[in-house]
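# Structural overview
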Amino acid sequence: MSTTSENDASAATRDIAEVAAVEVITTAAVHLMSAAAVKCGLAEGDDAADHLDLDEARKLITALAALVTASAPDLGNQHARSLRDGLRSLQLAFREASVIPDEPGEGPGEKYTGSVV
């Protein structure tokens with residue numbers, strides 16, 4: 001590895017080391033939420049429906065539910081509540097966008113969160 005690459009890697013490691021775990025988890029959750037919202041057809045613009053992909057949305061929402069559920073005890077009430085609210089909104093949006101609704105408790109992420117209906 002060149003000296004420049006080693007310096008870049010060292011700088012990146014220092015940058016990551018300075019970020020609190022809550023921030024890393026919250027950032028990951030926000031990325032999952034944003035991607036799931038787009039895949040549920042909630043993007044802004046006239047072409048929002050073009051991005052609807054419920055199979056992809058299901059995967060993203062399930063991953064988000066697992067992350068939020070597992071990390072909630074360590075995030076603190078303020079952060080966890082906001083993430084849970086966003087997750088629930090996505091789960092409900094998914095149900096609304098589905099032509100064939102899942103049974104209660106069978107929707108995306110509901111094995112981690114319980115039924116949202």
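Let me begin by describing the structure that accompanies this report. Bear in mind that the values here come from a model prediction, so they are computed numbers and not experimental data.

### What about the overall build of the protein chain?
- Secondary structure summary: the protein chain contains five helices and zero strands in total.
- In sequence order, the secondary structure elements of the protein chain are arranged as α-α-α-α-α.
- Taken against the 2.2 N^0.38 rule, which gives 13 Å for 117 residues, the C-alpha radius of gyration of the protein chain at 17 Å runs more than 25% over that of a compact globule.
- Split into buried and exposed, the 117 residues of the protein chain put 26% on the buried side.
- Excluding contacts between residues fewer than 6 apart, the proportion of contacts in the protein chain whose partners are at least 24 apart in sequence is 56%.
- When the accessible surface of the protein chain is summed, it comes to about 7,400 Å², and 54% of that surface belongs to carbon and sulfur atoms.
- Distance from the positive charge centre (9 side chains) to the negative charge centre (19 side chains) of the protein chain: 7 Å.

### With respect to the packing of helix H3 (residues 54-75) against helix H4 (residues 77-97)
- Across the interface, H3 lies against H4 with an axial gap of 10 Å and an inter-helix angle of 160 degrees. Taken together, the axes of H3 and H4 are roughly antiparallel relative to one another. Two packed elements cross with a definite hand, and for H3 against H4 that hand is left-handed. Across the interface between the two elements, Leu54, Ala57, Arg58, Ile61, Leu64, Ala65, Val68, Ala72 and Leu75 of H3 pack against Asn77, His79, Ala80, Leu83, Arg84, Leu87, Leu90, Gln91, Phe94 and Ala97 of H4.
- For the contact of H3 with H4, the per-class residue count stands at 14 nonpolar, three polar and two charged.

### Focus: H4
- Helix length check: H4 (21 residues) gives 30 Å between terminal C-alpha atoms against 30 Å at 1.5 Å per residue, within 8%.
- Residues Ala80, Leu83, Gly86, Leu87, Leu90, Gln91, Ala93, Phe94 and Arg95 constitute the buried set of H4.
- Looking at the buried side of H4, the elements it contacts are helix H2 (21-39), H3 and helix H5 (110-113).

### With respect to the nonpolar core
- Within the largest apolar cluster, 19 residues are counted, with the highest numbers of intra-cluster contacts made by Ile61, Leu64, Leu83, Leu87 and Leu90.
- The element contributing the most residues to this core is H3, with eight residues.

Thresholds applied
- Residues numbered from 1 in each chain as written.
- Predicted model: local features only at pLDDT ≥ 70, side-chain atom pairs only at ≥ 80, totals over all residues.
- Heavy atoms only, no water.
- Helix = DSSP H or I, 4+ residues; strand = E, 2+ residues; numbered from the N terminus.
- Rg over C-alpha atoms; globule rule 2.2 N^0.38 Å.
- Buried < 20%, exposed > 50% of the residue type's maximum accessible area, 1.4 Å probe, protein only.
- Contact = heavy atoms within 4.5 Å.
- Areas by Shrake-Rupley, 256 points an atom, 1.4 Å probe, with all protein chains shown as cover.
- Lys, Arg positive; Asp, Glu negative; His and termini not counted.
- Charge placed at Lys NZ, Arg CZ, Asp CG, Glu CD.
- Axes fitted to C-alpha atoms, helices over the stretch in contact; angles between N-to-C directions.
- Parallel < 35°, antiparallel > 145°, perpendicular 65-115°, else oblique.
- Left-handed = near helix turned anticlockwise from the far one by under 90°.
- Nonpolar A, V, L, I, M, F, W, Y, C, P; charged D, E, K, R; others polar.
- Expected span 1.5 Å × (residues − 1).
- Core = buried A, V, L, I, M, F, W, Y, C linked by side-chain atoms within 4.5 Å.

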